[in-house]
Structures are given as C-alpha cells and as structure tokens.
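Now for the letters of each chain:
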Amino acid sequence: MFEKLNSPVEQLNYAPFSNLFVKRDDLIDPFISGNKWRKLKYILAKATAANKNHLVTFGGAYSNHLVATAAAAARTGLKATAFVRGEAVNNEMLMLCRLFGMELIFTDRESYRSKKELYGNYFADDPEAYFIDEGGASPEAAIGCAEIIQELPARYDHIFCAAGTGTTAAGLLAGIQKHELDTNLHVVSALKGGSFLMDEISSITPASAHLHLHTEYHFGGYAKTTPDLIYFIKNFTGQTGLLIDPVYTAKMFYAITDLRQKGILHQDDKILAIHTGGLLGMFGMKDKF
Ligand SMILES: *Cc1c(COP(=O)(O)O)cnc(C)c1O
C-alpha cells in the first residue's frame, strides 16, 4: 500500500502569481490523504515489524488522521481503535472510520489529555496494541514527510506547508537540509499561539535559517474561520479549480497571497505549496459555504 509514489506538481493559474506550484499530495488517496499517508508510512512499518496488529490512536471528531488510520488499517489487515475527544457524536468522518472497521471510544476532554494513561487503562494487557500519538506525531512520521523533498522535479525559492503538530514541517525541513537546498521553508500555523511549533520542529531536526514560522494566520484558532477566510476560499477555488480545506491548506494559501501582497514574496520567486490533503474536513463546515 505504501509503494513508492510521486504525487504530481502542478502550476497554479492564480493572479498575480506566475511562478506558483502545488505538490498534489491531496491526490494520493481520498481517505489516507496527503500528509497523513506520508506520516503513516513508517509508523505502520514500525508497528508491523514489531508484530503489532492493533493500531490505537487519538483525535477530535473531525480528525483527518483518524479516517486515514482507519482506512490504512483496513487495507493492511490491521485492527484499529481510536479515542475520540468529547461526547459521543456522529458525523461524516466518524461514519467513515466506522465503515473502515475502526472502534471508537468517546472520551471526555479531561481524560483525553493524558493519552498514555488512557492507552494504559485500556490496552496495557494487549501485546498486539500499538500507540500512535494524535495526528501521528512522531519521528517516523517526519521521515515519511521528508520524502516529499526528494520527489520534487525542480528547485524552489520557497516551500510552504500548513502545520498542526509540526511533524510535516519538521520532515520537510530535514529533507531540505539533507539535500542541502537553499530553499526557504514557510510553516503556517493552523492554531493560535503557534510559536510552540518552533520547539516541536527543532525536537526532530535542528532549526536553521531556512525555517520561517508564520503564527498570525490562524483566523481565531484551530478549525476557526472568519468571513474573510471563507471569502478567500470561494474566490481561490473558483479561480483555480483547486479545493482547499478551511482548517489547514486555506490558511496556507491565504498566507502565500498575503505575503505576496506585502512584497515579502516577489514576482519572480519560485514558490511551491504542499497540498497536504484533508479535504473531508470541509464537511464539518458545510453551513459556512
Ligand atoms: C493533519 C494535517 C496537517 C498538519 O500536519 P502536522 O504534521 O500535524 O503539522 C496539515 N494539513 C492537513 C490537510 C492535515 O490534515
């Protein structure tokens, strides 16, 4: 399932840009989408090498990571369980998780904070259980994300990605360092107070001058939007034909557009945006469109 691949890089027709490209990781798979495929690749390799056949992980009710883990487990013949933050609900994402055979354990916000403890309470005696952190955050996940860099068909002045845990960003940075590129990596935080991402990233790979963290494009916080962002998404998708999700990739493309308007990015700069997928998350916000 995790065979070698090269998701396409496409040029985007989006004024005023004449040198804007997108790495279409959203096309990798509809359910094991974008960076979640990259992240799970070596996590699953490690789990199966250790003879673990039961993946146990964590997420919110609209988590792309849960759907991806559920689908990946089903396709590789593994069992999957997820602790879902908050009271029992159903929605499009959790329906998919159930269809893929994932067992869901709804957990109040208080207990959800201590993930290791929760895991221990339920699975300490299950020798086949394998702990996967929320969002798949781990060094293995970063190794998978670093592979994006070696697939690139050209050199870019700037690469952009959206960040939640920062693992994808750390992987990209490690890839840039490994291949000794002088590309700037711009990380756009999808969360409020995103400066913690600097520590997360540098716990995986040394932060270097290549790294630019943007913490001011959160639009109120994780999974929050403003009318301005919704307007941007409609306009962007109408002009380019590219779907973006309000939680992550829309904030990244907004940042690219804003930095261009402010003159920080220039007309001749060659820019690559990583489309990390996650389009299903849009269904959580259907009343906004
Ligand atoms: C999960 C996700 C991210 C965040 O990735 P991290 O490695 O946690 O920073 C970014 N974009 C999309 C579409 C996602 O689903």
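Per-chain numbering applies: the sequence of each chain, read as written, is numbered from 1 onward. Reporting in this predicted model follows two pLDDT cut-offs: at least 70 for local features of residues, and 80 or more for side-chain atom pairs to be given and counted; totals over whole chains, interfaces and linings ignore these cut-offs and use all residues. Hydrogens are left out, water is left out, and the side-chain values use all remaining heavy atoms of the structure.

K.L.:
Help me out: how do you make sense of the sheet that holds strand β6 (residues 129-131) in this one?
P.N.:
Strand order in the open sheet made by the four strands is β5-β4-β3-β6, with parallel pairing throughout. Each edge of the open sheet carries a strand with a single partner, namely β5 (103-107) and β6. Pairwise comparison of adjacent strand axes, ignoring direction, gives a mean angle of 25° for this sheet. Sheet topology places strand β3 (residues 54-59) next to strand β4 (residues 79-85); six bridges connect them, and they run parallel. Paired with Gly59 across the two strands is Val84, which belongs to β4. Criterion used throughout: strands pair if DSSP finds at least two bridges between them. Under the scheme used here, helices are H or I runs from DSSP no shorter than 4 residues and strands are E runs no shorter than 2 residues, and both carry numbers assigned from the N terminus. To get an axis, a line is fitted to the C-alpha atoms, and for a helix only the part in contact is used. The angle between two axes follows their N-to-C directions and goes from 0 to 180 degrees.

K.L.:
How should the pattern of salt bridges be read in this particular structure?
P.N.:
Where side chains of opposite charge bring their charged atoms close, a pairing between them can arise. Salt bridge, as applied in this entry: a Lys or Arg side-chain nitrogen positioned within 4 Å of an Asp or Glu carboxyl oxygen. In total, this model carries 13 salt bridges according to the counting rule given. Ionic pairing is found between Asp29 and Arg75, a salt bridge with its closest N-O pair at 2.8 Å. Here Asp29 is found in the loop between β2 (20-23) and α1 (35-49), whereas its partner Arg75 is found in helix α2 (residues 64-76), with 46 residues between them in sequence. For Asp29, a relative accessible area of 11% puts it in the buried group. Shared partners join several salt bridges into a network, and the residues in it are Lys23, Asp25, Arg38 and Glu151. For every residue, the accessible area (1.4 Å probe, protein chains only) is compared with the maximum for its type, and the residue is labelled buried under 20%, exposed over 50%, or partly exposed between those bounds.

K.L.:
Sorry, what's going on with the environment of Ser111 here?
P.N.:
Mapping Ser111 onto the fold places it in helix α4 (residues 109-112). For Ser111 and Arg85, which are 26 residues apart along the polypeptide, the C-alpha to C-alpha distance reads 9.0 Å. In the analysis that follows, any N or O atom pair within 3.5 Å is treated as a polar contact, provided that within protein one partner can donate a hydrogen and the other can accept it, and provided that, for residues neighboring in sequence, both atoms belong to side chains. For Ser111, the side chain forms a polar contact with the side chain of Asp108, separated by 2.7 Å.

K.L.:
Hey, could you run me through the packing of α2 against helix α3 (residues 92-99) in this one?
P.N.:
Following both chains from N to C, one finds α2 and α3 inclined at 15°, their axes separated by 8 Å at the closest point. Between α2 and α3, the crossing angle belongs to the class labelled roughly parallel. The crossing of α2 and α3 is left-handed. Here α2 contributes Asn64, Leu66, Val67 and Ala70 to the contact with α3, which in turn contributes Met93, Leu96 and Cys97. All residues other than Ala, Val, Leu, Ile, Met, Phe, Trp, Tyr, Cys, Pro, Asp, Glu, Lys and Arg, Gly among them, are scored as polar; the first ten of these are nonpolar and the last four charged. Counted by class, the contact of α2 with α3 contains six nonpolar, one polar and no charged residues. Orientation categories follow fixed angle ranges, with anything under 35 degrees roughly parallel, anything over 145 roughly antiparallel, 65 to 115 roughly perpendicular, and all other angles oblique. Working rule for handedness: look at the near helix, and if it is turned counterclockwise from the far one by less than a right angle, call the crossing left-handed; if clockwise, right-handed. In what follows, a contact means two residues having at least one pair of non-hydrogen atoms within 4.5 Å.

K.L.:
I would appreciate a short explanation of the sheet that holds strand β9 (residues 211-214) in the present structure.
P.N.:
Paired through their backbone hydrogen bonds, the strands of a sheet run either parallel or antiparallel. Read across the sheet, six strands follow the order β1-β2-β10-β7-β8-β9 without closing on themselves; strand pairing throughout is mixed. Edge positions in the sheet fall to β1 (9-11) and β9, since each has one partner strand and no second. On average, adjacent strands in this sheet sit at an angle of 25° to one another, irrespective of strand direction. Sitting on the sheet, helix α10 (residues 249-261) touches β2, β7 (158-163), β8 (184-189), β9 and β10 (271-274), and the angle it makes with β7 is about 140°.

K.L.:
Hey, could you run me through the environment of Arg109 in this one?
P.N.:
If you trace the backbone, Arg109 turns up in helix α4. Classification of Arg109 as partly exposed rests on a relative accessible area of 49%. For the pair Arg109 and Val84, spaced 25 residues apart in sequence, the C-alpha separation works out to 9.3 Å. Those residues in contact with Arg109, other than ones at most four positions away along the chain, are Arg85, Gly86 and Glu87.

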